[in-house]
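# Reading the structure
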Amino acid sequence: MYVLVINAGSSSLKYQLLNMKDESVLAKGLCERIGIDGRLVHETDKGKHTADTAMPDHAAAMAIVLDSLLDANHGVIKSKAEITAVGHRVVHGGEAFAASVLITDEVEAAIEAVSDLAPLHNPPNLTGFRACKHHMPGVPQVAVFDTAFHQTMPKKAYLYAIDYDLYEKHKIRRYGFHGTSHKYVAQQAAILLNRPESELKLVTCHLGNGVSLCAVDGGESVDTSMGMTPLEGLAMGTRCGDIDPAVVQFIMEKECISAQQTNDLLNKKSGVLGISGVSSDFRDLSAASQSGNDRACAAMEVFAYRVAGYIGRYAACMNGLDAIIFTAGIGENDCGIREKVCAYLTWFGVELDPAQNAKRGEALDISTPEAKVRVLVIPTNEELMIARDTKTVLNL
Ligand code: ADP
């Protein structure tokens, strides 16, 4: 049984076709520059195929994806009918969705209804769904929400300390994101530790371009660092994370810029890019800090300090900590950042094994045998999680 996983952004569409018998990836790829010109990268075990090809909209991009999957040379299926189901990444499910669901007309309307909470993400996610519906009518499609895993958070974790009317009227509260990733690595951690998830207190650290931490107690999200939008929490590649809310008005007045421009500044020109003035990419930051760039050093220090601080906070919130899990681009690859973060946490019983920490590319325990708190590196796999959820929702 084959499941197609779709992650549609405003001008891009990522896809993966998985064989759910053994969870192997048959093909994966990316359509970029949709609505501009169009570029396809399609990968199978036969190799990589790239093409510059017109993609005026997502439906056109989807047609190209299906053509690539069916192609005589670089295709992996003979007929569209081999695709049993489609799983879609949907960024925001608001309070309406605490789990993945089959997309019906009502679900589509409900996703649309929460779009004002994620105006840059939900509309393109729906466009991806509609493109698939157009090309594969009758094939069941499932929505897997970034926010769903965090719907188990208690009120004390998701309420902001603002007028309660604002929560009731506009649903302003913490939702959290990266839920699919946090859920996946928490499950994998339990397997690696050979203990049931129900008895584990974990902090999962998704450190990529976007950064969020999650307190996972007994397999459930009980707190997470991103908020109503992905801007809250840690210092990220280009997002500021936590700041004094009064700074927003102050910047607007001092810099004579609009609310929209300030929002752009905090989302796209802040974080480690803003501090360093060098890059949002940790490979560039490491190189710059090694050649003595003070602002690059400061950016990395702020980043690690905040991650460590949130881990401490979540250890307190859960009143315990069994393991810390590092995942995503930085978490999986940057042993220097892992070392910096863990150096703050020795009091908790964290102790890294430097040789283990230097390894890469596999799920592993990087703490010493004596350490009280385990530290794990687990490569995330959001596409697999989406495919698994799709299979579960459809009872396949
Ligand atoms: P996204 O949030 O877009 O999915 P990723 O999880 O792919 O992002 O993470 C991207 C980030 O990971 C890059 O911006 C870079 O900072 C970091 N990264 C990737 N590879 C390495 C590496 N080898 N060393 C350090 N950082 C890395």
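Refer to the preceding data block for the structure.
A brief structural summary.

Reading the values: rules and limits
Residues numbered from 1 in each chain as written. Predicted model: local features only at pLDDT ≥ 70, side-chain atom pairs only at ≥ 80, totals over all residues. Heavy atoms only, no water. Helix = DSSP H or I, 4+ residues; strand = E, 2+ residues; numbered from the N terminus. Rg over C-alpha atoms; globule rule 2.2 N^0.38 Å. Buried < 20%, exposed > 50% of the residue type's maximum accessible area, 1.4 Å probe, protein only. Contact = heavy atoms within 4.5 Å. Core = buried A, V, L, I, M, F, W, Y, C linked by side-chain atoms within 4.5 Å. Pairing = 2+ DSSP bridges. Axes fitted to C-alpha atoms, helices over the stretch in contact; angles between N-to-C directions. Parallel < 35°, antiparallel > 145°, perpendicular 65-115°, else oblique. Left-handed = near helix turned anticlockwise from the far one by under 90°. Nonpolar A, V, L, I, M, F, W, Y, C, P; charged D, E, K, R; others polar. Arc of directions from axis to C-beta. Polar contact = N/O pair within 3.5 Å; in protein donor to acceptor, adjacent residues only side chain to side chain.

## Examining the overall build of the protein chain
Scanning the protein chain from terminus to terminus reveals 15 helices and 14 strands. Compactness check: the protein chain gives a C-alpha radius of gyration of 21 Å against a globular reference of 21 Å for 396 residues, within 12% of the reference. By its C-alpha atoms, the protein chain is 60 × 55 × 45 Å across when sized along the principal axes. Within the protein chain, the proportion of its 396 residues that are buried is 50%. In the protein chain, the proportion of contacts linking residues at least 24 apart, taken out of those at least 6 apart, comes to 60%.

## Quick notes on the side chain of Thr368
Residue position: Thr368 is located in the loop between β13 (364-365) and β14 (374-377). Excluding residues within four positions of it along the chain, Thr368 makes contact with Glu351, Leu352, Asp353 and Arg374.

## Comments concerning the nonpolar core
By size, the foremost hydrophobic cluster in this structure holds 43 residues, and its most contacted members are Leu207, Leu213 and Ile311. Residue assignment for this core shows that the elements contributing at least two residues are β9 (201-207), β10 (211-217), α10 (282-290), α11 (294-318), β12 (323-327), α13 (335-343) and β14. Of all the elements, α11 adds the most residues to this core, at 12 residues. Leave out the neighbours within four places in its chain, and Leu207 touches Leu213, Phe303, Val307, Phe326, Thr327, Ala328, Gly329, Ile330, Gly331 and Ile337. Core analysis: the next-biggest nonpolar cluster, separate from the first, contains 27 residues, Cys214, Ile378, Leu384 and Leu394 among them.

## A short note on the pairing of β12
The buried fraction of β12 is high, at 5 of 5 residues. Here β12 shows a buried face lined by Ala323, Ile325 and Thr327 and a second buried face lined by Ile324 and Phe326. Note that β9 and β12 share 5 bridges and pair parallel. What sits directly across from Cys205, in β12, is Phe326. One ladder, built from 4 bridges, connects β12 with β14; its direction is parallel. Among the inter-strand pairings, Ala323 is bridged to a residue of β14, identified as Arg374.

## A look at the environment of Ile330
Here Ile330 lies in helix α12 (residues 328-333). Overall, the relative accessible area of 10% leaves Ile330 in the buried class. Counting along the chain gives 26 residues from Ile330 to Ala304, while the straight-line C-alpha distance between them is 11 Å. What Ile330 contacts, discounting residues up to four positions off in sequence, is Leu207, Gly208, Phe282, Phe303 and Ile337.

## Digging into the packing of helix α1 (residues 58-70) against helix α3 (residues 122-135)
Geometrically, a packed helix pair is captured by the angle between its two axes and the distance between the axes. At a minimum axis separation of 9 Å, α1 and α3 run at an interaxial angle of 55°. Classified by the angle their axes make, α1 and α3 are oblique. Where α1 crosses over α3, the two elements pack in a sense that is right-handed. When α1 is examined against α3, the residues His58, Ala59, Met62, Ala63 and Leu66 are found in contact with a partner set consisting of Thr127, Ala131, Cys132 and His135. Here the residues of the contact of α1 with α3 are counted per class, giving 6 nonpolar, 3 polar and no charged.

## Considering the sheet that holds strand β7 (residues 101-102)
Spatial ordering of the open sheet is given by β5-β4-β3-β2-β1-β6-β8-β7, a layout of 8 strands whose pairing is mixed. Looking at strand neighbours, the two that pair on one side only are β5 (47-52) and β7, the edges of this open sheet. As paired strands, strand β1 (residues 2-8) and strand β2 (residues 13-19) are joined by 7 bridges and run antiparallel to one another. When the sheet's bridge partners are listed, Val3 is paired in β2 with Leu18. Contacting β1, β2, β6 (83-90), β7 and β8 (141-145), helix α15 (residues 382-393) crosses the sheet at an angle of about 120° to β6.

## Here's the deal with α13
Taken together, the buried positions of α13 are Ile337, Arg338, Val341 and Cys342. For α13, the arc enclosing every buried residue in end-on projection is 130°, short of the 170-degree limit, so these residues lie on one face. Looking at α13, the residues exposed on the side facing more than 90 degrees away from the buried face are Glu339 and Ala343. The residue sitting at the N-terminus of α13 and contributing the capping side-chain oxygen is Asp334; that oxygen lies 3.1 Å from the backbone nitrogen of Gly336.

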